[in-house]
Amino acid sequence: MTDTTHTQPIPPGRAARQRSPEFRFAADALGGLRQDLFHDAFAFRPLPPTEPGGRFTRRGSERLREYGARAPHAVVVVLAGMAAFLALASPDGAGPVGLLCGLLAGAPVLLTLVRPAGAFWVSLAANTVALVLSGGSSGESPFPPGGFVGHLAVLTVVAARTRPRTAAWMWLLTAAYGVLADGLFGPSDFGYGSDLGPLLFFAGVFLLTVAIRQTLRQARREVSVHQTVTAHERSRRTLLEERTTIARELHDVVAHHMSVVAIQAEAAPYRVENPPPELEKAFATIRENAVAALTELRRVLGVVRAQDYEAPDAPQPTLADLDALLANVRDAGLDVTKTVTGAVRELPPGVELSAYRIVQEALSNTLRHAPGADAKVEIGYVLGGLGLRVVNGAPPAPSLIKPSPGAGHGITGMRERVSMLNGEMTASPTAEGGYEVAVFLPVPAAAPIEGEA
């Protein structure tokens, strides 16, 4: 079998359309120019107030913060006033021509508040009109004193409100305009007395500063977004891990009960003399269902088992094992006391296990976040369930406590256990500087067995 590759001829028109990388780069650059400074250049885009929590809205009274939110607008107005004042203070500032030149110098700066891209073009046009009105008699070209400050302010404000690419285009267009205007309105010896060089220098410094500031701000914003997403994903992963741990632990409890059901169903017919066939069949069905349920439980455990999971060698702990836990905690340096109220009774295994784990996690948090503090464990057996309260005092040396990267994960696990049993939980700092975890786990009353007194 032979594979044959057919080469399609390139149409004549397509070869002409294939461009070099340099051409595509230039086309993309011109497309960016069109998008930034030509497309909807005079669209209405008012300057928004400063966001809450900013430099001007962080402190002070409510009215002062309201005024601080308009600080950028006030700065633009002041810059417009400076440009107009310099135009009026120039040698040609007297009379109607001077007033018109002052208006031409300050108006484009004010226009940046609502139409930033259009303000750039208006500034160039206004400067051209000012040059025509003054006839170049001011001695400075291509930007009179008012136009120099006004156009510099326009460049800075527009760059702050747009992207860094726009700042680069405005600088290049200003340079091209300055060369052209200098040739038309400047002195005969080109370059002497021109203020184009100082304008381009200061504009380059200001625009570069604004571009770097915008880039850093965008980078901080992206880092903040990534951190928020990472924290959310970490929280979800912690929640799933806690639920997996609870499922593995409860598997042992449920498997034990199902094994007892299967054994009792198998032994029940032998405890009755001459049992009817229907009864033997019913017990056989119960045993088969119990064995099938055990098989499914093992499959579920295989799904939620971690790669490094090892089956426990001992039964899951209960409240009867709490004294051993408290002894281990005391050996670790935590002074803990236990108080039990109410009539101690046997509770469902799931409640016993969850209560033990909640106390264990609360004491672990005390050792981690409040070393050297004392703790109290209170257990209350009430009519409708079980109450738990673990409270610790303030740490003796809070400044020596190192931050823990897993802070808050223990609380998540406790809440999951309480939610699984339809209980209630509160966890909050105390007025003395410690921390308190209070839990109530409802336990339904056992139904009376028929025939019992």
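Residues numbered from 1 in each chain as written. Predicted model: local features only at pLDDT ≥ 70, side-chain atom pairs only at ≥ 80, totals over all residues. Heavy atoms only, no water.

Okay, helix α7 (residues 145-161) next. Over its 17 residues, α7 runs 25 Å from end to end, which matches the ideal 24 Å to within 8%, given 1.5 Å per residue. With 14 of 17 residues buried, α7 is to be regarded as a mostly interior element. (Helix = DSSP H or I, 4+ residues; strand = E, 2+ residues; numbered from the N terminus. Expected span 1.5 Å × (residues − 1). Buried < 20%, exposed > 50% of the residue type's maximum accessible area, 1.4 Å probe, protein only.)

Checked against the element boundaries, S123 lands in helix α6 (residues 116-134). According to the relative accessible area criterion, S123 is buried, its value standing at 6%. Discounting residues that sit within four places of it in the chain, S123 has contacts with P108, H151 and V154. (Contact = heavy atoms within 4.5 Å.)

Right, let's talk about the pairing of strand β1 (residues 335-341) for a bit. Examined bridge by bridge, β1 and strand β2 (residues 374-382) share seven bridges and lie parallel to one another. Directly across from K338, in β2, lies its bridge partner V377. This β-α-β element, β1 to helix α12 (residues 349-369) to β2, shows left-handed connectivity. (Pairing = 2+ DSSP bridges. Right-handed = clockwise from strand over helix to strand, strands pointing away.)

Here we come to the packing of α6 against helix α8 (residues 164-185). Relative to each other, α6 and α8 sit at 15°, their axes nearing to 12 Å. Between α6 and α8, the interaxial angle falls into the category roughly parallel. Classified by chirality, the crossing of α8 by α6 is right-handed. Taking contact as the criterion, the partners of F120, W121, L124, N127, T128, L131 and V132 in α6 are, on α8, M170, L173, T174, Y177, A181 and F185. (Axes fitted to C-alpha atoms, helices over the stretch in contact; angles between N-to-C directions. Parallel < 35°, antiparallel > 145°, perpendicular 65-115°, else oblique. Left-handed = near helix turned anticlockwise from the far one by under 90°.)

On the surface, R213, R217, R220 and R221 cluster together into a positively charged patch. Summarising the element assignment, R213 is placed in helix α9 (residues 196-267). (Patch = residues over 30% accessible without salt bridge, like charges linked within 9 Å, V, L, I, M, F, W, Y side chains within 5 Å. Areas by Shrake-Rupley, 256 points an atom, 1.4 Å probe, with all protein chains shown as cover. Salt bridge = Lys/Arg side-chain N within 4 Å of Asp/Glu carboxyl O. Lys, Arg positive; Asp, Glu negative; His and termini not counted. Charge placed at Lys NZ, Arg CZ, Asp CG, Glu CD.)

Attention shifts here to the packing of aromatic side chains. Across all of its chains, the model carries five aromatic pairs by this definition. Between F38 and W121 the ring centres are 5.1 Å apart and the planes differ by 45°, which places this aromatic pair in the tilted class. On the criterion of sequence distance, the pair formed by F38 in helix α2 (residues 21-38) and W121 in helix α6 is long-range, its members being 83 residues apart. Within the aromatic cluster, the residues linked to one another by ring pairs are F38, F120 and W121. (Phe/Tyr/Trp six-rings, centres within 6.5 Å; stacked < 30°, edge-to-face > 60°.)

Moving on, we come to the sheet that holds β2. With mixed pairing, five strands are arranged side by side in an open sheet as β1-β2-β3-β5-β4. Across the chains shown, the open sheet's two edge strands, defined by having one partner strand only, are β1 and β4 (424-429). Adjacent strand axes in the sheet meet at a mean angle of 10°, parallel and antiparallel pairs treated alike. Contacting β1, β2, β3 (385-392) and β5 (435-442), α12 crosses the sheet at an angle of about 5° to β3.

As far as function goes, none of this settles anything; it's purely spatial.
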